[in-house]
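These are the residues of each chain, in order.
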4 protein chains.
Amino acid sequence: MKIGFIGLGNMGAAMAANLLSAGHEVTAYNRSPDKVAALVARGARPASSVGEACQGDAVITMLANDTAVEAVTFGDHGILASLPEEAIHVSSSTVSTELAERLAQAHADAGQGFVAAPVFGRPEAAAAAELFVVAAGASATISTVTPVFDAIGQRTFVLGEDPRAANLVKISGNFLIASVIETLGEAMALVGKAGVDKQQYLELLTSTLFDAPVYRTYGGLLAREEFSPAGFTATLGLKDVKLALSAGEELQVPLPVASLLRDRFLTLLATGGSDLDWSAVGALSAWEAGAQHPA
Amino acid sequence: MKIGFIGLGNMGAAMAANLLSAGHEVTAYNRSPDKVAALVARGARPASSVGEACQGDAVITMLANDTAVEAVTFGDHGILASLPEEAIHVSSSTVSTELAERLAQAHADAGQGFVAAPVFGRPEAAAAAELFVVAAGASATISTVTPVFDAIGQRTFVLGEDPRAANLVKISGNFLIASVIETLGEAMALVGKAGVDKQQYLELLTSTLFDAPVYRTYGGLLAREEFSPAGFTATLGLKDVKLALSAGEELQVPLPVASLLRDRFLTLLATGGSDLDWSAVGALSAWEAGAQHPA
Amino acid sequence: MKIGFIGLGNMGAAMAANLLSAGHEVTAYNRSPDKVAALVARGARPASSVGEACQGDAVITMLANDTAVEAVTFGDHGILASLPEEAIHVSSSTVSTELAERLAQAHADAGQGFVAAPVFGRPEAAAAAELFVVAAGASATISTVTPVFDAIGQRTFVLGEDPRAANLVKISGNFLIASVIETLGEAMALVGKAGVDKQQYLELLTSTLFDAPVYRTYGGLLAREEFSPAGFTATLGLKDVKLALSAGEELQVPLPVASLLRDRFLTLLATGGSDLDWSAVGALSAWEAGAQHPA
Amino acid sequence: MKIGFIGLGNMGAAMAANLLSAGHEVTAYNRSPDKVAALVARGARPASSVGEACQGDAVITMLANDTAVEAVTFGDHGILASLPEEAIHVSSSTVSTELAERLAQAHADAGQGFVAAPVFGRPEAAAAAELFVVAAGASATISTVTPVFDAIGQRTFVLGEDPRAANLVKISGNFLIASVIETLGEAMALVGKAGVDKQQYLELLTSTLFDAPVYRTYGGLLAREEFSPAGFTATLGLKDVKLALSAGEELQVPLPVASLLRDRFLTLLATGGSDLDWSAVGALSAWEAGAQHPA
């Protein structure tokens with residue numbers, strides 16, 4: 001397929017590279033153009049504007065937040081104005097359910113296709129084409145872009161026609177990951193202060209009831225206190241927790257652990273940890289218990 | 001080995017049966033004697049007093065809380081008074097680190113052995129001899145009772161000489177399970193109110209980052225709202241969260257999610273849910289969001 | 001003075017009436033015009049549009065939230081477009097610090113004056129002209145509208161030139177009131193369940209360390225379980241807690257009690273209490289402890 | 001009256017001095033005898049044992065916690081063994097409702113009187129004889145010791161016959177004070193980070209809805225960051241919050257703000273603040289927001 005790719009951060013660059021490896025024609029755009037060069041070296045065509053990245057069958061956006069996706073979509077010479085009829089916007093960013101709905105409506109009005117397709121996985125998983133894709137949209141549209149999902153991920157879950165559902169599941173999943181970070185951080189602060197070795201403790205957990213990637217990945221980062229360089233920054237972590245809280249406000253669902261996480265992330269940011277990996281929130285329990293601050 | 005077994009609840013009865021299956025001689029005691037009969041039918045000898053269960057190489061206690069373990073150990077004609085020198089008390093109950101330490105000291109003073117060996121797993125796992133055993137004590141003592149652990153569990157983790165460590169790890173593990181219940185409950189209240197199917201949501205989670213027994217087991221109970229009969233009651237859940245909080249107080253480690261869980265369990269008990277499975281605390285988020293109360 | 005008044009809810013109607021009593025010429029506007037009639041009977045001139053209310057020396061807005069204030073200010077034929085140069089917009093609504101700043105800037109650009117002047121007090125205090133006014137803006141501008149403040153309140157606190165400060169203080173004050181509601185609610189759930197009379201308990205508190213209007217007012221509502229009709233609805237309470245949380249996010253200040261209150265208000269709304277007085281959040285502790293829901 | 005006084009800390013020494021000033025005969029005992037000398041200089045008789053302090057009409061205990069009160073009451077040659085029949089034990093310490101009940105029962109069994117009479121007020125209030133006394137017990141017994149209350153306090157509230165009620169009210173009152181510290185701390189962290197002067201902010205609050213001693217006293221300590229020397233230590237603050245949580249567990253009442261306070265006090269203790277005034281927990285919000293730690 002001819003695919004435009006907008007947003008070449010840690011995640012996007014790896015996803016675009018896998019599209020190239022799978023034989024797709026990729027036209028790549030990034031706000032700061034230095035990120036484009038590396039991808040061109042792998043065979044991509046550089047785009048000097050959003051519009052240039054919208055000349056193919058589909059365009060994928062992988063950006064930091066609602067504001068960035070709104071800017072490239074609704075702005076002058078944005079995706080909405082540039083994409084041919086019938087072509088498809090695949091939104092892989094973690095954005096609000098409210099924006100997902102607005103994007104779907106706007107593209108439908110313009111005769112374009114839209115699929116919400118957020119992904120689970122850190123940059124390593126993106127590089128290995130092992131992401132999990134959560135997709136929602138019209139089923140014919142999803143079929144058309146299935147080769148995209150196959151190229152970037154290990155499995156795709158289709159959640160129906162309503163794009164908000166895909167974003168809500170992604171948001172709630174990130175909330176669950178952050179919850180694992182917080183609760184493992186509390187447990188490790190407790191057993192660690194009693195002298196239990198944190199690596200051995202983690203091995204025990206992940207050999208038994210907690211034998212899952214989320215415990216191995218984040219437990220490892222916590223046990224090794226390895227918060228830099230960030231795979232996913234604390235700043236982005238706060239953004240995602242706020243998306244969960246907003247979704248809860250819209251649906252009138254209180255989320256006390258998400259509220260705690262909001263305050264934890266604010267504490268981490270206010271005390272110098274904005275650029276640490278978001279797993280560093282799990283080190284705040286030990287900090288409160290008298291250990292060093294992670295930043 | 002000749003083994004006494006004290007405490008034939010859901011867990012203890014299954015563990016004792018597996019000791020019999022493995023060829024051990026088991027003398028069984030329970031406060032209410034009706035539980036003993038079923039085990040006698042499988043080949044156990046009945047004991048009409050704690051002392052009668054203390055005539056072998058080891059005695060295992062599997063009781064509800066600190067008070068019950070204190071009563072059978074320190075009471076008149078209790079374990080301490082009845083166990084031969086060199087024989088071993090294996091404490092598999094989930095008790096406080098403080099009691100673990102007192103038991104270890106008292107048995108050492110009496111020339112008896114002591115191993116803290118709490119277990120992870122619900123009654124089904126106990127019945128299938130698939131528990132995980134977390135053991136701490138003198139290494140020679142642990143070696144002696146290894147056949148016991150092999151008969152009841154799938155794997156034993158030895159945590160060193162300090163029995164408190166085994167109980168602390170068990171307590172923190174139960175805290176982590178309760179945290180999964182709470183956070184899954186919040187996430188399911190959120191996506192469920194938006195119309196996402198909870199079973200499909202759980203399948204997505206457990207096929208990806210959350211592919212662990214704890215998510216499958218408790219996620220299944222929550223998705224099916226299957227809180228009765230209880231594998232582990234809310235009352236016992238509260239007891240275990242309080243053990244985590246007490247350990248945190250002793251070590252000066254704040255545990256905000258454990259504090260939230262304490263309040264959740266109190267709410268569940270105060271609103272009629274004492275006898276529900278402890279996974280019912282995960283249904284309180286949906287209740288607060290306008291759904292039916294689980295009781 | 002010739003004063004326009006926009007927003008004749010419980011609070012605004014009482015404030016406008018006091019301006020009339022103090023001898024000012026008041027032109028009153030409300031989106032639903034039936035509220036205007038009562039004020040016309042007391043001597044006000046009716047305005048059929050926002051612009052008509054902007055022909056005097058000052059216009060006061062007393063509206064429910066940011067959206068409403070934005071609509072009347074920035075909309076077509078809004079305050080910004082209608083107010084004469086040198087005339088003053090007095091914003092008494094509880095709005096975000098971010099909006100306060102935008103309003104100040106926009107009016108400055110248009111050669112108009114702007115004062116942020118949120119007020120503390122419930123409808124009864126508004127009716128009695130006993131509000132407390134918290135004002136910020138250019139000092140000459142504040143001097144000009146001081147007769148307005150004298151007519152509606154018992155005391156005015158001037159907080160300097162930055163209008164955001166007035167709104168932040170108002171927001172934090174409402175957070176403190178909500179905190180009193182929550183904590184009194186918890187304390188009353190506790191002593192009430194033990195059989196202590198809540199009225200007697202409140203009398204003890206307010207005769208000693210807690211001898212303040214906030215405890216007498218909200219404690220009385222809680223002790224009498226008098227949540228309807230609402231002086232200030234739960235829906236507005238949630239709005240104000242969210243303003244506090246937003247201000248905390250902007251300034252990177254975690255606010256755990258505000259987070260708890262957010263979840264409490266969402267619970268109250270989701271369980272049928274949107275139209276109750278916001279003091280009903282204080283009854284949720286007793287509900288969790290087994291008593292009746294306040295709605 | 002002939003009165004024994006046991007426990008000459010900051011509070012007890014001041015109370016005993018006021019009993020002397022009111023003309024009572026006071027026999028004073030303290031575990032570390034150096035505290036007795038100052039009181040002897042004011043006219044008290046020194047007691048070298050608990051029993052010596054139990055030879056009058058009444059004995060007052062003012063001690064740090066349950067353990068201390070249990071030790072002097074139930075220990076060998078303790079109050080229970082030493083007090084004449086008909087004489088009265090006045091327990092002014094902040095202790096658990098459970099201990100209050102055991103004391104009442106034990107003294108009744110011994111033919112002695114018992115009154116639970118915890119007090120509200122800091123050392124300054126104790127020195128000025130301006131405490132508030134919350135008393136419960138048999139009404140004839142309370143009448144007998146009313147001269148004691150008149151000598152130490154400005155007002156006595158009688159709560160009926162059940163001594164647990166007095167202790168529960170005291171415990172819940174201390175919880176409310178701690179809540180004011182926490183919530184004022186959050187509000188001051190917020191407005192302070194925006195540049196609002198904390199003293200001016202406090203004056204605004206205490207001139208309006210928050211015009212109560214609790215806001216003036218603790219708000220002043222927070223605004224001046226005056227946490228040492230302690231009028232009431234963080235260690236004692238934690239003890240009292242735990243008493244509230246225990247009472248909540250017994251009555252099945254969740255107390256989320258008390259849970260937060262527990263974690264706050266643990267944080268303060270673990271980071272070096274055990275000996276600070278308990279108002280220092282209110283400085284932890286600013287610490288989390290990037291300011292200096294109070295210790």
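Note that the structure is a prediction, hence the values are computed from the model and not measured.

### Some remarks on the relation of the copies chain B and chain A
- After a rotation of 180 degrees and a shift along the axis of 0.0 Å, chain B superposes on chain A with an RMSD of 0.1 Å. Expressed as a symmetry operation, the mapping of one chain copy onto the other fits a two-fold axis. Proximity to the rotation axis, assessed at the C-alpha, singles out B:Ala212 in chain B; its C-alpha lies 2.4 Å from the axis.
- Mapped onto chain A, 100% of the interface residues of chain B again fall at the interface, so both copies present the same surface.

### Examining the packing of helix 8 (residues 163–193) of chain A against helix 11 (residues 234–251) of chain A
Residues and elements named next belong to chain A.
- The contact between helix 8 and helix 11 brings their axes to 9 Å, and the two run at 125 degrees. Relative to helix 11, the element helix 8 is oriented oblique. In the packing of helix 8 onto helix 11, the handedness of the crossing is left-handed. Contact residues: Leu168, Ile171, Asn174 and Phe175 in helix 8; Asp240, Leu243, Ala244, Ala247 and Leu251 in helix 11.

### Topic: the interface of chain B and chain A
- Across the contact, 57 residues belong to chain B and 57 residues belong to chain A.
- At the junction of chain B and chain A, the tally comes to 2 salt bridges.
- Taking the shortest distance from any N to any O, the salt bridge between B:Arg155 and A:Glu203 comes out at 3.2 Å.
- Linking chain B with chain A are 16 residue pairs in polar contact (both at pLDDT 80 or more), by the criterion used here.
- The element best represented in the side of chain B that touches chain A is helix 8 (residues 163–193) of chain B, accounting for 19 residues.
- A class-by-class count of the residues in the side of chain B that touches chain A yields 40 nonpolar, 9 polar and 8 charged.

### Quick word on the pairing of strand 6 (residues 113–116) of chain C
All names here are of chain C.
- Burial along strand 6 is two-sided: Gly113 and Val115 facing one way and Phe114 and Ala116 facing the other are all buried.
- Inspection of the sheet shows strand 5 (residues 88–91) paired to strand 6 by 4 bridges, in the parallel sense. Residue pairing in the sheet places Ile88 in a bridge with Gly113 of strand 6.
- Crossover handedness for the path strand 5 to helix 5 (residues 97–109) to strand 6: right-handed.
- With 2 bridges joining them, strand 6 and strand 8 (residues 131–137) adopt antiparallel strand pairing. Looking at strand 8, one finds that Ala116 is bridged to Ala136.

### Structural notes on the pattern of salt bridges
All names here are of chain C.
- The final tally for this structure, using the stated rule, is 63 salt bridges over all chains.
- Here Glu288 makes a salt bridge to Arg264, at a shortest N to O gap of 3.0 Å. Highlighted residues: Glu288 in helix 13 (residues 284–288) and Arg264 in helix 12 (residues 256–270), separated in sequence by 24 residues. For the pair Glu288 and Arg264, one class covers both residues: buried.

### Brief notes about the UniProt feature "active site" (unreviewed entry) in chain A
Residue and element names in this part refer to chain A.
- In this structure's numbering, the residues bearing the UniProt feature "active site" (unreviewed entry) are Lys170.
- Note that Lys170 resides in helix 8.
- Setting aside chain neighbours within four positions, we find Lys170 in contact with Thr94, Pro118, Val119 and Phe120.

### Things to note about the side chain of C:Ser92
All names here are of chain C.
- The residue Ser92 is located in the loop between strand 5 and helix 5 in this model.
- A relative accessible area of 3% means that Ser92 is categorised as buried.
- With near-sequence residues (within four places) excluded, Ser92 lies in contact with Met15, Ile60, Thr61, Met62, Ala117, Pro118 and Val119.

### Description of the pairing of strand 9 (residues 153–158) of chain C
Residue and element names in this part refer to chain C.
- Pairing of strand 8 with strand 9, which is carried by 5 bridges, proceeds in the parallel orientation. By the bridge assignment for strand 9, Val133 is matched with Thr156.
- In this region the chain leaves strand 8, passes through helix 7 (residues 139–152) and returns to the parallel neighbour strand 9; the handedness of that crossover is right-handed.

### A look at the interface of chain C and chain A
- Listed as interface residues are 16 residues of chain C and, on the opposing side, 16 residues of chain A.
- When the two sides are added together, the surface that chain C and chain A hide from each other amounts to roughly 1400 Å², 51% of it contributed by carbon and sulfur.
- By the criterion of area lost to chain A, the three top residues of chain C are C:Glu249, C:Gln252 and C:Arg262, representing 39% of everything that side buries.
- Our count for the chain C to chain A interface comes out at 4 salt bridges.
- For A:Glu249, the salt bridge is made with C:Lys242, and the minimal N-O distance between the two is 3.1 Å.
- Taken together, the connections running from chain C to chain A amount to 10 residue pairs in polar contact (both at pLDDT 80 or more).

### Remarks on helix 5 of chain C
- If you check helix 5 of chain C, its first and last C-alpha atoms are 18 Å apart, about what 13 residues at 1.5 Å a residue would give, namely 18 Å.
- Residues C:Thr97, C:Leu99, C:Ala100, C:Leu103, C:Ala106 and C:His107 constitute the buried set of helix 5 of chain C.

### Things to note about empty space enclosed by the protein
- Enumeration according to the criterion identifies 2 cavities of 30 Å³ or more in this entry.
- The volume enclosed by the largest cavity comes to roughly 760 Å³.
- Around the largest cavity sit 38 residues that line it, and A:Pro256, A:Leu260, B:Leu260, C:Leu260 and D:Pro256 are the ones nearest its centre.
- The set of elements that each furnish at least two residues to the lining of the largest cavity consists of helix 12 (256–270) of chain A, helix 12 (256–270) and helix 13 (284–288) of chain B, helix 12 of chain C together with helix 12 (256–270) and helix 13 (284–288) of chain D.
- For the lining of the largest cavity, a count of residues per class yields 18 nonpolar, 8 polar and 12 charged.

### Observations concerning the domain arrangement of chain A
Residue and element names in this part refer to chain A.
- Parsing chain A into structural domains produces domain 1 (1–160) and domain 2 (166–287).
- Once you take the C-alpha centre of each, domain 1 and domain 2 turn out to be 27 Å apart.
- Between domain 1 and domain 2, the contact holds 20 residues from the first and 22 residues from the second.
- Summing both partners gives a buried area of about 1500 Å² for domain 1 against domain 2, and 62% of it is carried by carbon and sulfur.
- It is Thr94, Phe120 and Arg122 that lose the most area in domain 1 upon contact with domain 2, and together they represent 41% of the buried surface on that side.
- Run the count over domain 1 and domain 2 and you get 1 salt bridge.
- Asp277 is paired through a salt bridge with Arg122; the nearest N and O atoms lie 2.9 Å apart.
- For the pair domain 1 and domain 2, the interface holds 5 residue pairs in polar contact (both at pLDDT 80 or more).
- Elements with a minimum of two residues in the side of domain 1 that touches domain 2: helix 5 (97–109), strand 7 (119–120) and strand 8 (131–137).
- In terms of residue count, strand 8 provides more of the side of domain 1 that touches domain 2 than any other element does, 3 residues in total.

### A closer look at the environment of C:Ala280
Residues and elements named next belong to chain C.
- Turning to its location among the elements, Ala280 is positioned in the loop between helix 12 and helix 13.
- Taking C-alpha positions, Ala280 is 9.6 Å from Tyr218, a pair spaced 62 residues apart along the chain.
- Ignoring any residue separated from it by four or fewer positions in sequence, one finds Ala280 in contact with Phe227, Leu268 and Pro294.

Calculation rules
- Residues numbered from 1 in each chain as written.
- Chains lettered and ligands numbered in written order.
- Predicted model: local features only at pLDDT ≥ 70, side-chain atom pairs only at ≥ 80, totals over all residues.
- Heavy atoms only, no water.
- Least-squares fit on C-alpha atoms with pLDDT ≥ 70 in both.
- Contact = heavy atoms within 4.5 Å.
- Axes fitted to C-alpha atoms, helices over the stretch in contact; angles between N-to-C directions.
- Helix = DSSP H or I, 4+ residues; strand = E, 2+ residues; numbered from the N terminus.
- Parallel < 35°, antiparallel > 145°, perpendicular 65-115°, else oblique.
- Left-handed = near helix turned anticlockwise from the far one by under 90°.
- Salt bridge = Lys/Arg side-chain N within 4 Å of Asp/Glu carboxyl O.
- Polar contact = N/O pair within 3.5 Å; in protein donor to acceptor, adjacent residues only side chain to side chain.
- Nonpolar A, V, L, I, M, F, W, Y, C, P; charged D, E, K, R; others polar.
- Buried < 20%, exposed > 50% of the residue type's maximum accessible area, 1.4 Å probe, protein only.
- Pairing = 2+ DSSP bridges.
- Right-handed = clockwise from strand over helix to strand, strands pointing away.
- UniProt positions renumbered as here; feature names shortened; annotations may be inferred.
- Buried area = accessible area lost by both parts, 1.4 Å probe.
- Expected span 1.5 Å × (residues − 1).
- 1 Å grid on protein atoms, 1.4 Å probe; cavity = no way out; pocket = protein on both sides within 12 Å on 5 of 7 lines; lining within 4 Å.
- Points joined across faces, edges and corners; volume = space filled by probe spheres on them.
- Domains from an automatic or database assignment.

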